[in-house]
Amino acid sequence: MDNPIVAQRSPYVIELAAGDHWWCACGRSATQPFCDGSHKGTGITPMKFSIDKTEKLRLCGCKGSGNKPFCDGAHKQLAE
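Residues numbered from 1 in each chain as written. Predicted model: local features only at pLDDT ≥ 70, side-chain atom pairs only at ≥ 80, totals over all residues. Heavy atoms only, no water.

1. Brief notes about the nonpolar core
Ranked by size, the top nonpolar core spans 14 residues in total, and within it Leu-16, Trp-23, Phe-49, Ile-51, Leu-57 and Leu-59 carry the most contacts. For this core, the secondary-structure elements that each account for two or more residues are strand E1 (12–16), strand E3 (47–51) and strand E4 (55–59). Residues in contact with Leu-16, not counting those within four places in the same chain, are His-21, Phe-34, Phe-49, Ile-51, Lys-53, Thr-54, Glu-55, Leu-57 and Leu-59. (Core = buried A, V, L, I, M, F, W, Y, C linked by side-chain atoms within 4.5 Å. Buried < 20%, exposed > 50% of the residue type's maximum accessible area, 1.4 Å probe, protein only. Helix = DSSP H or I, 4+ residues; strand = E, 2+ residues; numbered from the N terminus. Contact = heavy atoms within 4.5 Å.)

As structure tokens, this is what we get:
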């Protein structure tokens, strides 16, 4: 199993419509923070999450959050 790649050192602040979404957990997707299938062969799978209403969210960009797919500030602990 590969380790996730840090896609960015800050959250993705994005407004999402209600429904199901697939968060990229591997960091390889070209459509961050969402999965585009780039995880194939890594042993890392995307995370499905659902929201009930349209809202602005902070999705993890460093892939190290303890509250995936949402940002918990883990990016602040990354080495430069």
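2. Considerations on the pattern of salt bridges
One pass over the full model with this rule turns up 2 salt bridges. A salt bridge links Arg-28 to Asp-2; the shortest N-O distance between them is 3.7 Å. Placement of Arg-28 in the loop between strand E2 (19–23) and E3 and of Asp-2 in the segment before E1 is noted, with a sequence separation of 26 residues between them. Overall, the relative accessible area of 37% leaves Asp-2 in the partly exposed class. Across the pair Asp-20 and Lys-48 runs a salt bridge, and its minimum N-O distance is 3.5 Å. With Asp-20 in strand E2 and Lys-48 in strand E3, this pair connects stretches of sequence that are 28 residues apart. Taking relative accessible area as the criterion, Lys-48 reaches 45% and is therefore assigned partly exposed. (Salt bridge = Lys/Arg side-chain N within 4 Å of Asp/Glu carboxyl O.)

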